[in-house]
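# Fold and geometry: a report
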Amino acid sequence: MEQKLFQFKLYSHPNKTLVSHLEEVGKKSKDILLQKNLNIGDYVDTEVLSEIIYLIGATHDFGKASKYFQEYLLEKDLTKKRELKSYKETRHGLFSSIFTYYIIKTYLKNIPKDKDEHYSFLPIISFFVVKRHHGNLANSVKEINEIHEILNDKKLISVINSQIYSIDENEIQNILDKLFGCNKYLFSDFKENYLNILREIDREFINLLKIQKNKILFYYFLTLLLYSILIDSDKADAIGSLNILRENIPSRLVDQYKINKFNNNLNFIDKIRTEIYEEVNSKLENLDVQDKIYLLNVPTGTGKTITSFSFAVKLKNKIQTEKGYNPRIIYSLPFLSIIDQNYSVIEDIIVSQFENIRSNILLKHHHLSEISYTTSEEEYESDKSLFLIEGWNSELIITSFIQLFHGLISNKNRLLRKFHNITNSIVILDEIQTIPHKYWKLLNESLYFLSKYFNTYFIIVTATAPLIFDSEKNEINNLIEDSQKYYSQLNRIKLNLYLEKEVNFEDFKNIVLNDIITRDDKSFLIVLNTITSSKELFNFIKKNTNNDCNEYYYLSSNIIPFDRLDRIRKIKTSKKRKIIVSTQVIEAGVDIDIDIIYRDLAPLDSINQVAGRCNRNFSFKSQGEVNVYILKDNNERKFCTYIYEGFLINKTLETLKNVKVVEEKDFFKLLNKYFLLVNESSTDQISREILENLYKLEFQETGNFKLIEDDYEKIDIFIEINENAKKIWNEFVKILDIDDPILKRKKFLNIKKSFYDYIISIPKNKANDVLYNERIGYVSLGKINSKYDLETGYKSEKIPLII
């Protein structure tokens, strides 16, 4: 009775009591975990793990009970508040993590010992999770070494001692009794033995050695799961009530859409698309949901998006019926242009069933996404919208490879918060051939583990299937029995290979120009490997052809996203003759249809991807052409060497040795040959190094995993191309002057999407004359003519800028 009447005086946030926050985070964390369907019984019982995550959530801010933190939290004067925040005694992360370790250790004393080998690691993993819940995960050895240093430093010990002895023992025990039951955990015991507890943590180095010796991914992904659940629950409680309801997606959603959208008057390519769609979806009837990795390998332009999405929706419903949980669908792609494109396709499908597109049904997430989250009941403010978007709180998420894979292999708080929503989901990996081969083994082991133990399904969609998984070892299940059959039916294009010798760029310009002039009824796409060469060719062609008869388009990362996406839309809808010069930004998935393509030498899978833009819909009377050359600059250096690994170029040339012409029906065999050569000759060294870091819980070292690597430091440049851009920039400058970091962030979120529509990234050493500050450059509307060309983008010195 006394406990109910007790007036709690300690606070976690200005308007929230500590006991309420700890209780809510503990309960929410446990609820999230209990909703999961995990196959981790070989390591730990789910019931035990649900108690562990409750204990983590209910103790994660325990250090806030100190009088030092309470004085800081309740201080009104901002100057004094900043001073209090700087005191070591005010910091609560380390103190909280020590207490969490003690609580978990105490709890496990009463648990049966049948899995003691794995349970013994739970206290130290919980320590890591709580210690870094306001920051990024650190290397495990570093964390334990810090405890060792504390034990050998009287000043550091005195900080912890001061924190402990500043706590109101009566109130904290009432909090513990409310959270865990009367006298189940005693603060007096912790207070008396905290030095011994620190020594126990110090001795956890032995357990770390065991973890490292085991060389399994369980401990890494378990840490991510607990960390993700804690930081999501913590932020959700702090930000306020967000009750996002799950939605059911009808199993036949796409079937019905196709019936309503397409008539029976199908052309040849439509019939192939329908045949592929029906073959894939027929697999659902006898599908064993224990199989969790699938491959859809069919030619470009044969409806992979709609087919894979339909399969995923049906699989989602099948899992819900047979296994009792409701998986999200995550559709992941490599490039922003095709994310927007595929989002539009899926949005069209969703609209056919739901009256309004709501964010809890369909969500688009990449770094340029609009910060807006709506449900049928509410449109959330920017800070809450960002929280819901970055946490992937939706049935269907369309996102980038970077958002997905850096949500699996990372130490970053912001990226890992969504990890628990990746588990138990269905992940479509479209255009997976864009993943560098050095990461194949890493992805093989990581995705296989997640599929086996965390019930995460993967649908790999590609026209050029890299050997990340081995079908002969039953690592992957083919959704198409005979992919070669569909390649054999198609003969839309042919590759003309001019690889006997390198061609000077000046000569190549004239080859392309003559072809454009001679075949004046054909549309052209020329894909080059550097921005510099692409700009030069574009200006050369436009200067020497009849401008009135043609539409000219230039595409590269040198163009602001606002214009780049607008040009892609115009290319897709225009009926006039098109001449397009681009870097490889146009390669994968961009749904355009061109008669003739010229391509500077690239890895074979990239050549195949750009070939997918040629005669895509079988709409031309003759075969489309893809002409491949080895181009070199005035310094006799091949352009391909500026951006591609020599290894992949060599394997491409080896595959194409003595080959002059390749027709589309032979692409499948040729690509298989190429990937076998890559797989046989490539090194797994980078993957093995990263895997070693995962085994050892060396979280900071996961930064070695970068899907996009820059050879030089880049900086963002804001291009004030029009009056709207000027308005956005002026708003941005005002935001920079705001002192309150929370208000500053909130204000920026309101303009973030529009702001990044006018951003390009260039080498920092080429931006000295446009720097606004150390972090961003700025080209004003008044200087636009001298620094930015409206057709070819940013003006820089003649350096081989890429993409």
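Keep in mind that what you see is a predicted model, and the values were worked out from it rather than measured.

## Observations regarding the overall build of the protein chain
Along the protein chain, the regular secondary structure elements total 34 helices and 21 strands. Within the span of the protein chain, comprising 803 residues, buried residues form 58% of the whole. Pairs at least 24 apart in sequence give 80% of the contacts found in the protein chain among residues at least 6 apart. In the protein chain, 111 positive and 112 negative side-chain charges are present, and the distance between their average locations comes to 2 Å.

## Description of the packing of helix H29 (residues 646-655) against helix H30 (residues 667-681)
The contact between H29 and H30 brings their axes to 9 Å, and the two run at 135 degrees. In terms of their interaxial angle, H29 and H30 are classed as oblique. Relative to H30, the crossing made by H29 is right-handed. In this structure, H29 contributes Phe 647, Leu 648, Lys 651, Thr 652, Glu 654 and Thr 655 to the contact, and H30 contributes Leu 670, Lys 673, Tyr 674, Leu 677, Val 678 and Ser 681. Residues of the contact of H29 with H30, tallied by class, amount to 6 nonpolar, 3 polar and 3 charged.

## Topic: the packing of helix H3 (residues 46-59) against helix H6 (residues 93-108)
Describing two packed helices takes the angle between their axes plus the distance from one axis to the other. One way to put it is that H3 packs onto H6 with a least axis distance of 9 Å and a crossing angle of 150 degrees. By the criterion of interaxial angle, the relationship of H3 to H6 is roughly antiparallel. Pair H3 / H6 crosses with right-handed handedness. Touching Val 48, Glu 51, Ile 52, Leu 55, Ile 56 and Thr 59 of H3 are Ser 96, Phe 99, Thr 100, Ile 103, Ile 104, Tyr 107 and Leu 108, all from H6.

## Description of the domain arrangement of the protein chain
The figure often quoted for interface size is the accessible area lost as the parts come together. Domain annotation for the protein chain reports domain 1 (11-239), domain 2 (260-484), domain 3 (491-659) and domain 4 (714-794). Using C-alpha coordinates to define each centre, domain 2 is positioned 33 Å away from domain 4. Contact with domain 2, which involves 10 residues of that partner, is made by 7 residues of domain 4. A combined buried area of about 810 Å² lies between domain 2 and domain 4, and 61% of that area is made up of carbon and sulfur atoms. For the pair domain 2 and domain 4, the interface holds 1 salt bridge. Of the charged contacts, one joins Glu 381 and Lys 746 as a salt bridge, the two residues approaching to 3.1 Å between their closest N and O atoms.

## A look at the sheet that holds strand E9 (residues 477-478)
The 7 strands lie next to each other as E5-E6-E4-E7-E8-E3-E9, forming an open sheet whose pairing is parallel. Among the strands making up the open sheet, the edge pair consists of strand E5 (362-365) and E9. Inspection of the sheet shows strand E3 (residues 293-297) paired to strand E8 (residues 457-462) by 5 bridges, in the parallel sense. Counted as the bridge partner of Tyr 294 is Ile 459 from E8.

## What to know about the environment of Glu 506
Looking at the secondary structure, you find Glu 506 in helix H25 (residues 505-518). Placed 207 residues apart in sequence, Glu 506 and Pro 299 show a C-alpha to C-alpha distance of 34 Å.

## Here we look at the pairing of strand E6 (residues 396-400)
Burial analysis of E6 places 5 of its 5 residues in the buried class, the great majority of the element. Residues Leu 396, Ile 398 and Ser 400 of E6 are buried on one face, and the alternating residues Ile 397 and Thr 399, pointing to the opposite face, are buried as well. The pairing of strand E4 (residues 329-333) with E6 spans 5 bridges and is parallel. The residue bridging Ser 332 from the neighbouring strand is Thr 399, located in E6. Relative to E6, E5 runs parallel, the two sharing 4 bridges. Considered in E6, the bridge of Leu 363 is made with Ile 397. As a crossover connection, the stretch from E5 through helix H19 (residues 382-390) into E6 is right-handed.

## A few points about the sheet that holds strand E10 (residues 493-504)
Taken together, the 7 strands give an open sheet; going across it, the order is E12-E13-E11-E14-E15-E10-E16, and neighbouring strands pair in mixed fashion. Unpaired on one side and paired on the other, strand E12 (551-555) and strand E16 (661-663) mark the two borders of the sheet. Neighbour-to-neighbour, the strand axes of the sheet open up by a mean angle of 15 degrees, direction not taken into account. Relative to strand E13 (residues 578-582), E12 runs parallel, the two being bridged by 5 bridges.

## Section: helix H4 (residues 67-74)
Every buried residue of H4 is listed here: Phe 69, Gln 70, Tyr 72 and Leu 73. Projected down its long axis, H4 carries its buried residues within an arc of 160 degrees, all on one side. Where H4 is buried, its residues meet strand E1 (11-13) and helix H5 (78-85).

## Comments concerning the pattern of salt bridges
Counting across every chain of the model gives 45 salt bridges. Across the pair Lys 283 and Glu 279 runs a salt bridge, and its minimum N-O distance is 3.8 Å. For the pair Lys 283 and Glu 279, a shared accessibility class is recorded, and that class is buried. In this structure, Lys 283 and Glu 481 form a salt bridge, with 3.6 Å as the shortest nitrogen-oxygen distance. Taken together, the residues Lys 283 in the loop between helix H16 (268-282) and E3 and Glu 481 in the loop between E9 and helix H24 (483-489) connect sequence positions 198 residues apart.

## Some thoughts on the side chain of Asp 515
Note that Asp 515 resides in helix H25. Classification of Asp 515 by relative accessible area gives buried; the value is 11%. Ignoring anything within four residues of it in the chain, the contact list for Asp 515 reads Phe 524, Ile 596 and Tyr 598.

## Considerations on unusual backbone geometry
Of note in the backbone geometry, Asn 424 takes a positive phi value of approximately 65 degrees without being a glycine. Among the secondary structure elements, Asn 424 is positioned in the loop between helix H22 (419-422) and strand E7 (426-430). A positive phi angle, near 60 degrees, is found at Leu 697, a position not held by glycine. Secondary-structure assignment places Leu 697 in the loop between helix H31 (685-695) and strand E17 (714-719).

## A look at the pairing of E10
With 9 bridges connecting them, E10 and strand E15 (residues 624-632) associate as parallel partners. Looking at the pairing, Leu 495 lines up with Val 626 of E15. One ladder, built from 3 bridges, connects E10 with E16; its direction is antiparallel. Pairing of Asn 496 across the sheet is with Val 661, part of E16.

## Structural notes on the packing of aromatic side chains
Counted according to the given criterion, the structure contains 54 aromatic pairs. Between the aromatic rings of Phe 505 and Phe 639, the centroid separation amounts to 5.4 Å while the plane-to-plane angle is 65 degrees, which identifies the pairing as edge-to-face. Taken as a pair, Phe 505 in helix H25 and Phe 639 in the loop between E15 and H29 lie far apart in primary sequence, 134 residues in all. Each residue in the set Tyr 43, Phe 121, Phe 218, Tyr 219, Tyr 220, Phe 221, Phe 419, Phe 449, Tyr 453, Phe 454 and Phe 699 is aromatic and connected to the rest through ring pairs, giving one cluster.

## Comments concerning the confidence of the model for the protein chain
Mean pLDDT over the protein chain stands at 90; residues scoring 70 or higher make up 96%. Between the elements of the protein chain, mean pLDDT differs from a low of 48, seen in helix H1 (residues 2-5), to a high of 98, seen in H22.

## Looking at the nonpolar core
One finds Phe 190, Phe 405, Leu 429 and Phe 454 to be the most contacted residues of the largest nonpolar core, which totals 164 residues. With 13 residues, the top contributor of residues to this core is helix H14 (residues 218-239). Ignoring sequence-local partners within four residues, the contact set of Leu 429 consists of Ser 332, Phe 401, Leu 404, Phe 405, Leu 447, Phe 458, Ile 459, Ile 460 and Val 461. Grouped together as the second largest cluster of nonpolar side chains are 48 residues, Ile 717, Ile 728, Val 770 and Val 779 included.

Rules of the game
Every chain is numbered on its own, with residues counted from 1 as its sequence reads. For this predicted model, a pLDDT threshold of at least 70 governs which residues receive local features, and a threshold of 80 or more governs which side-chain atom pairs are given and counted, while totals over whole chains, interfaces and linings are taken from all residues. As a rule here, side-chain values come from all non-hydrogen atoms in the structure, and water together with hydrogens is ignored. Every helix listed is a DSSP run of H or I at least four residues long, and every strand listed is a run of E at least two residues long, numbered separately from the N terminus. Residue burial is assigned from relative accessible area. The probe radius is 1.4 Å, only protein chains are included, and a residue is buried under 20% of its type maximum, exposed over 50%, and partly exposed in between. Pairs of residues are marked as contacts when any of their non-hydrogen atoms sit within 4.5 Å. A residue counts as positive if it is Lys or Arg and as negative if it is Asp or Glu; His and the chain ends are not included. A charged residue contributes its charge at one atom only: NZ of Lys, CZ of Arg, CG of Asp or CD of Glu. Only the stretch in contact is used when fitting a helix axis, every axis being a line fitted to C-alpha atoms; angles between N-to-C directions are given from 0 to 180 degrees. By definition in this entry, angles of less than 35 degrees are roughly parallel, angles greater than 145 are roughly antiparallel, angles of 65 to 115 are roughly perpendicular, and the rest are oblique. In this scheme the crossing of two helices becomes right-handed for a clockwise turn of the near helix relative to the far one and left-handed for an anticlockwise turn of less than a right angle. Each residue is assigned to one class: nonpolar for Ala, Val, Leu, Ile, Met, Phe, Trp, Tyr, Cys and Pro, charged for Asp, Glu, Lys and Arg, and polar for all the others, Gly among them. An automatic or database domain assignment supplies the residue ranges for each domain. The term buried area means the drop in 1.4 Å probe accessible area that two parts suffer when joined, counted for both and summed. What counts as a salt bridge is simple: a side-chain nitrogen of Lys or Arg found within 4 Å of a carboxyl oxygen of Asp or Glu. Being paired, for any two strands, means DSSP has found at least two bridges between them. The definition of a right-handed crossover adopted here requires that, viewed with the strands pointing away, the path from the first strand over the helix to the second runs clockwise. The arc in question is traced by the directions running from the helix axis to the C-beta atoms. The pairing test for Phe, Tyr and Trp rings, Trp by its six-membered ring, is centres within 6.5 Å, and the orientation test on the planes gives stacked under 30 degrees, edge-to-face over 60, and tilted for anything in between. For every residue, the predictor assigns a confidence score, pLDDT, that lies between 0 and 100. By convention a nonpolar core is built from buried Ala, Val, Leu, Ile, Met, Phe, Trp, Tyr and Cys residues, the set being connected through side-chain atoms within 4.5 Å.

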